[in-house]
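# Analysis of the macromolecular model
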Amino acid sequence: MFKSVGEGMEYEASGFGSDEDMSSADNVSFQSPSDTSGLQENTESPPPVRKMFWHSLQIEKVQELVPEEIRWFYKEDSKARWVAFIGYDSLRIECRFRALEYARQRSNSVEEEDIDANIHVRGGLYEVDITNSKIHPVYWKGKSLPILRGTWFVDGTGQPLEYEYSLQLEQDHLTKFRGMSIPDSQTDGKKAGKTEALHTVKFTEFHVDWYDVNEVYMYSEAASSRMFRYVTNKLSIHKPGTGTRLYRGYYEQATMDDKPPDVTQLVFVVHGIGQKYNQNKIISCCNDLRNGTHKLIPKYFPDLTSSRQRIEFLPVEWRTDLQLDGDLVESITPEKLRHLRVLLNSTAMDILYYTSPLYRGEIIDGLSSELNRLYQIFVEKNPYFEVNNGQVSICVHSLGSVILYDILTGWDPIELYDQYVFNVLKKRSETDPQKTQNVFESMTTSDRSKRLHDFYINSIIHKETSPLMFKVGNLFSLGSPLGVFLSLRGIRPKPNGLMDHLLPKSLCKRFYNIYHPSDPIAYRIEPLVLKHYSTIAPLKIHKLKEAKKVPYSEMKAKAFAAFGKAASQVKKMGKADSVDGQANQNGDKKPITAQTEGSQSTIANASQQEATSSVGDNGGFKGALKGLFSKLGGRGGSKEEKLAAELTDYQSVASDEDVTDDITSDDGDVVEQTDLEFRLDYVLPSSDGMTSSYVNAIFSHTSYWASPEIALFLLSQIFPDYGPTK
């Protein structure tokens, strides 16, 4: 035991401050003056008038600073400001720092496991290295960040003096004023410049004067020197030649109550193509997403913090460590337009690698192994996550969504075909062993393709597990080409409105396909579940400033504008036919009205704009449909006319509020379900005046991470019971 701080403040020298030993922290626990939430480190400047908390700690005389008065900081960039750790992190770092200092001073050996006991800060994302004054990322490969022990601070900015300066000031302050009474209130500069300094400490480019116990000022010696400009810029000193007040001890005490809640929702952020060209880009993208959600929670999800729930995002970088063909492609790349070719080799080449049977397995194993590795580390450091039924979601971009889909469903073209051949031969050998060798010769190409497709769908529907160590709650796919990959694999719509033939709930509870309207890489998913959803617009994601945010589950389906007009015209045709039929029964020989003029051209010019009226608002007209469809078929209607008729059929059935399951006809046959169980396609709001711009099309594919609308959407789906409230 040792006394390194104020009266009665004793700490164990053996590694206090580690994640495992925080039960001992009651010795330094005080009530927090304000309830700080989550990972929001204090980046605000202190108030203009300094209010010290010495008396709340019953400190009446000058003595060594207690851990609550000291605050540790970190810096993201060499030119950035120092950012304060939350109280919980700062106290644990300070206690470990004092334990190591005590061991060095007494020349005692601290057990190695105690010295190396990990202290994880910033919500568990970084590990502290006090010896080198660094914090290192836990879950990804990235640069270490410097940390600083703050004891003396600049007035008005809250920025700490560099450690070497603070150490000298602290030694002189204790030597000169130890044991002296601390005034009840601040002198507010009443003595500065009016009386002679009680004590002075000189440095190369500035000096510090004491006019009272708690009235200390820093003055420049040579404002034109490089060193002083460096110091003043860092400390926000803007008046060379005049004094800048310094304060001893941080303006807010650190407490163990200033601690983030346990993680209840974990989101893995997975990149797509191009990571080789821009390594570690996914780390900054993940930071953008994390920071975006943290900014939105206080305003749009105010009850989330009080509920002791927390969301965390972890980047998944799967491309950099893959070997693939080594540098073979680079060696055959021509020199002409070298930079463009290198760019293409580092981005678009990933698609060719994945479609190659030679490298596809390595990519699959790379992503699944990295996801499992990160999850295993996470649950080791967060033991209560699984106990409290924490949920895992995945936010995946571009080609990454195709790879992840194949991991979940186990789609492997080579293995799939081998299994298919084995099953066919096995069945034939059981029924007719003599014809086993010629079984495939009797099949046509289309028949063989159909059987292979059915075998593939059946394998997906009955698949209950994946290679991942966790269950996927939500899968958010951003700018994904998954739709076109599935269509090329033979996936076709089914009549039940479920997506079990795409992604069963046993593998993923909810799937969201999110895209920017100008993203050239993105494709829709819903028409692969129900065919007529090609005429139904995807749901629009709420704008951040939108006044009333209707829950997505309550949004009505809307047709694309041109299809909506065509359906209305077809509906009018049905009514006209019904009237004409009634007139003919009454002896009126008025001929049947011809097809509405311009309806075909309206359908042919369909555009991706929303209709102003909802599908289902046109009322029921089942009596006219049978005669109407027979007339359209008798006239040899075009593809567009049939599509409009199909949409009209959807509108008539959707208007019946009692329809929830498969529709059954009079003869007992099951008719195609008209509604999806869940909406799958979500589109971001368009940029004003930029929807048709080629420049916007280029940048839209990488614009998802910093979008506040994406951050709000993720929060609303992961925490549906908590918002958004505005």
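Residues numbered from 1 in each chain as written. Predicted model: local features only at pLDDT ≥ 70, side-chain atom pairs only at ≥ 80, totals over all residues. Heavy atoms only, no water.

This part takes up the overall build of the chain. The helix and strand inventory of the chain stands at 21 helices and 24 strands. For the chain, long-range pairs separated by at least 24 residues make up 75% of all intrachain contacts whose partners lie at least 6 apart in sequence. Of the accessible surface of the chain, which amounts to about 36700 Å², a share of 50% is contributed by carbon and sulfur atoms. (Helix = DSSP H or I, 4+ residues; strand = E, 2+ residues; numbered from the N terminus. Contact = heavy atoms within 4.5 Å. Areas by Shrake-Rupley, 256 points an atom, 1.4 Å probe, with all protein chains shown as cover.)

Moving on to the environment of K295. Considering the arrangement of structural elements, one finds K295 in helix 5 (residues 281-300). Taking the C-alpha atoms as reference points, K295 and P708, 413 residues apart in sequence, are found 9.3 Å from one another.

The strands making up a sheet associate through backbone hydrogen bonding, with each pair oriented either parallel or antiparallel. Read across the sheet, five strands follow the order 9-13-12-11-10 without closing on themselves; strand pairing throughout is antiparallel. The sheet is open, and its two borders are formed by strand 9 (152-154) and strand 10 (199-202), each paired with just one other strand. Direction aside, neighbouring strands of the sheet carry axes that sit 30° apart on average. (Pairing = 2+ DSSP bridges. Axes fitted to C-alpha atoms, helices over the stretch in contact; angles between N-to-C directions.)

So, on to the packing of helix 10 (residues 360-381) against helix 12 (residues 399-409). Closest axis-to-axis distance for the helix 10/helix 12 pair is 10 Å, and the angle between their directions is 85°. With respect to their mutual orientation, helix 10 and helix 12 come out roughly perpendicular. Only G400, I403, L404, D406 and I407 of helix 12 make contact with helix 10, whose side of the interface consists of R360, I363, I364, L367, S368 and L371. Along the lines of polarity and charge, the residues of the contact of helix 10 with helix 12 split into seven nonpolar, two polar and two charged. (Parallel < 35°, antiparallel > 145°, perpendicular 65-115°, else oblique. Nonpolar A, V, L, I, M, F, W, Y, C, P; charged D, E, K, R; others polar.)

Enumeration according to the criterion identifies 26 aromatic pairs in this entry. Considering the side-chain rings of Y126 and W140, the 5.8 Å spacing of their centres and the 85° angle between planes classify their relative orientation as edge-to-face. With Y126 in strand 6 (residues 126-129) and W140 in the loop between strand 7 (134-137) and strand 8 (145-150), this pair connects stretches of sequence that are 14 residues apart. For Y126, a relative accessible area of 8% puts it in the buried group. (Phe/Tyr/Trp six-rings, centres within 6.5 Å; stacked < 30°, edge-to-face > 60°. Buried < 20%, exposed > 50% of the residue type's maximum accessible area, 1.4 Å probe, protein only.)

This prediction gives the chain a mean pLDDT of 75; 63% of its residues lie at or above 70. The low-confidence segment residues 42-56 (pLDDT under 50) makes 41 contacts with residues lying over four places distant or belonging to another chain. Confidence drops under pLDDT 50 across residues 574-579; counting only partners more than four residues distant or on other chains, this segment forms five contacts. (pLDDT = per-residue confidence, 0-100.)

Next up on the list: the side chain of R510. Secondary-structure assignment places R510 in strand 18 (residues 508-515). Residues contacting R510, with those up to four places away along its chain left out, are G473, N474, L475, F678, R679 and Y682.

Moving on: the packing of helix 5 against helix 21 (residues 708-718). At a minimum axis separation of 9 Å, helix 5 and helix 21 run at an interaxial angle of 65°. Between helix 5 and helix 21, the interaxial angle falls into the category roughly perpendicular. In terms of crossing hand, the pair formed by helix 5 and helix 21 is right-handed. Where helix 5 abuts helix 21, its residues L289, G292, T293, L296, I297 and Y300 lie against P708, I710, A711, L712, L714 and L715. Residues belonging to the contact of helix 5 with helix 21 are distributed by class as follows: 10 nonpolar, two polar and no charged. (Left-handed = near helix turned anticlockwise from the far one by under 90°.)

Turning to empty space enclosed by the protein, a few remarks are in order. Summary: where empty space remains is shown by rolling a probe the size of a single water molecule over the atoms. Per the stated rule, a full pass over the model turns up 10 cavities of 30 Å³ or more. There is about 150 Å³ of room inside the largest cavity. The wall of the largest cavity is formed by 15 residues, among which M499, K505, E677, F678 and L680 lie closest to the centre. Class assignment of the residues belonging to the lining of the largest cavity gives a composition of nine nonpolar, one polar and five charged. (1 Å grid on protein atoms, 1.4 Å probe; cavity = no way out; pocket = protein on both sides within 12 Å on 5 of 7 lines; lining within 4 Å. Points joined across faces, edges and corners; volume = space filled by probe spheres on them.)

The subject of this paragraph is the sheet that holds strand 3 (residues 71-74). The strand order across the open sheet built from six strands is 4-3-8-7-6-5, with neighbouring strands paired in antiparallel fashion. Two strands bound the open sheet, and with one partner strand each, they are strand 4 (83-84) and strand 5 (120-121). Alignment of strand 3 against strand 8, held across four bridges, turns out to be antiparallel. Bridged to R71 within strand 8 is G150. Packed onto the sheet, helix 1 (residues 87-105) meets strand 3, strand 5, strand 6 and strand 8 and runs at close to 105° relative to strand 3.

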